[in-house]
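# Structural overview for review
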Amino acid sequence: MALPRLVILISGSGSNLQAVLDAVEAGTITAVPSLVVSNRKKAYGLVRAETAGVPTAYFPFKPYRGAGKSREQYDADLAELIRPYQPDLIVLAGWMHILSATFLNCFPHKVINLHPALPGQFAGTHAIQRAYDAYQRGEIAHTGCMVHFTIPEVDAGPVVAQAEVPILPTDSLADLETRMHQAEHQLLVTAVQDLLTK
Ligand code: GAR
């Protein structure tokens, strides 16, 4: 039987992509990573994908903006780029571009996003920093991370899995970032495999 196909979208370091690639290698995730897309040329995740022998595509929004083309056009073309890979699951792993319904409607119930905060908290960029600051102000006692189905609203949508991440009084921001990324790597691998075997 053919293994399910994963397409992974990244914009940066790709440590979560690496966790998925390692899990595939270890057999913890039973799937084929068929494409990694980055909207940033220098994203280190592209190197990780190439090292693992996974096809890559660099697909930036900037030329669209430069040519006065809409986000919807970009999203439609991104969907066309991905479609031939016939993904069973599309994983946004540090993908920093908000996808509209134009893209999402092409892959219903197939696009999941990882976010370093609990549902309803710290949507958008710098979520770990904002949680850290909120903790310092006494507003929260812990933070967390989640995997959710993607909707046009940023970092929101039906939750697939979540994990609490403690914040310690002695934590530097870097300490919290390290703990968060460890939690994310585990959560993402488990969530992907769960969804693929449902
Ligand atoms: C991760 O912490 C991910 O949750 C976050 O970007 C980081 C990517 O790290 N995503 C968001 O903030 C989405 N709003 P990585 O490139 O090392 O996987």
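Notes on the structure follow. (Residues numbered from 1 in each chain as written. Predicted model: local features only at pLDDT ≥ 70, side-chain atom pairs only at ≥ 80, totals over all residues. Heavy atoms only, no water.)

## Here's the deal with the environment of V159
Formally: Only DSSP runs of H or I covering at least 4 residues are called helices, and only runs of E covering at least 2 are called strands; the numbering of each starts at the N terminus. When checking whether two residues touch, look at their non-hydrogen atoms; a contact exists if any pair is within 4.5 Å.
With respect to the element layout, V159 can be found in strand β7 (residues 159-166). Taking the C-alpha atoms as reference, V159 lies 26 Å from R71; in sequence the two are 88 residues apart. When residues no more than four places from it in sequence are discounted, the contact partners of V159 are P119, M146, V147 and H148.

## What about the sheet that holds strand β2 (residues 32-38)?
Definition in use: One requirement defines pairing of two strands: DSSP has to find at least two bridges between them. Interaxial angles span 0 to 180 degrees and are taken between N-to-C directions of axes, which are lines fitted to C-alpha atoms, for helices over the stretch in contact.
The sheet built from seven strands is open, its strands ordered β3-β2-β1-β4-β5-β6-β7 with mixed pairing. Edge positions in the open sheet fall to β3 (56-58) and β7, since each of these has one partner strand only. Averaged over all pairs of adjacent strands, the angle between their axes in this sheet comes to 20 degrees, without regard to strand direction. In the sheet, strand β1 (residues 5-10) pairs with β2 via six bridges, with the strands oriented parallel. Within β2, the position partnered with R5 by the bridge is V32.

## Here's the deal with the site of the ligand
Where we set the bar: We call a residue near a molecule or strand whenever a single non-hydrogen atom of that residue lies within 4 Å of it. For the purposes of these results, a polar contact is taken to be a pair of N or O atoms within 3.5 Å, where, inside protein, one atom must be able to donate a hydrogen and its partner to accept one; residues adjacent in sequence count only when each atom of the pair is a side-chain atom. Residue exposure ignores everything except the shown protein chains as possible cover, and the areas themselves are Shrake-Rupley values with a 1.4 Å probe. Here a cavity means grid points, on a 1 Å grid over the protein atoms only, where a 1.4 Å probe fits yet cannot get out; a pocket means an open set of points with protein on both sides within 12 Å along at least five of seven lines; lining residues are those with an atom within 4 Å of a point. For a molecule to be placed in a cavity or pocket, more than half of its atoms must lie within 2 Å of the grid points of that cavity or pocket.
Residues in contact with the ligand amount to 14 residues; listed here are only the nearest, G14, S15, N16, D155 and E184. Residue S13 places a main-chain N or O atom 3.4 Å away from an oxygen atom belonging to the ligand. Protein coverage of the free-state accessible area of the ligand, which is 450 Å², stands at 89%. Applying the majority rule of atoms within 2 Å of the grid points places the ligand in the largest pocket. Broken down by secondary-structure element, the contributors of at least two residues to the shell around the ligand are α1 (15-26), β5 (111-115) and α7 (173-197).

## Concerning the side chain of S11
If you trace the backbone, S11 turns up in the loop between β1 and α1. At 2.7 Å, the side chain of S11 forms a polar contact with the backbone nitrogen of M96.

## Section: the pairing of β2
Our working rule: The cut-offs for exposure are 20% and 50% of the maximum accessible area for each residue type, with area from a 1.4 Å probe on protein chains only; residues under the lower value are buried, those over the upper are exposed, and the others partly exposed.
The element β2 is largely enclosed, with a buried count of six among its seven residues. In the sheet, β2 pairs with β3 via three bridges, with the strands oriented parallel. Of the residues in β3, the one forming a bridge with V37 is A57.

## Describing the packing of aromatic side chains
Put simply, the rule reads: We call Phe, Tyr and Trp rings a pair once their centres come within 6.5 Å, taking the six-membered ring for Trp, and we label the pair stacked below 30 degrees between planes, edge-to-face above 60, and tilted otherwise. Either the NZ atom of lysine or the CZ atom of arginine qualifies as a charge over a ring when it sits within 6 Å of the ring centre and within 35 degrees of the ring normal.
For the structure on display, the rule yields five aromatic pairs. Ring geometry for F59 and Y64: centres 5.9 Å apart, planes at 65 degrees, overall edge-to-face. The residues F59 and Y64 share a single accessibility class, namely buried. An angle of 50 degrees between the planes, with centres 5.2 Å apart, marks the rings of F103 and F107 as tilted. F107 sits in the buried class, given a relative accessible area of 5%. Site record: aromatic cluster; members linked through ring pairs are F59, F61, Y64 and Y74. A cation over an aromatic ring shows up here: K69 above the ring of Y64, its NZ or CZ 5.0 Å from the ring centre. Positioned above the aromatic ring of F61 is the side chain of R71, whose terminal nitrogen or guanidinium carbon lies 5.0 Å from the ring centre.

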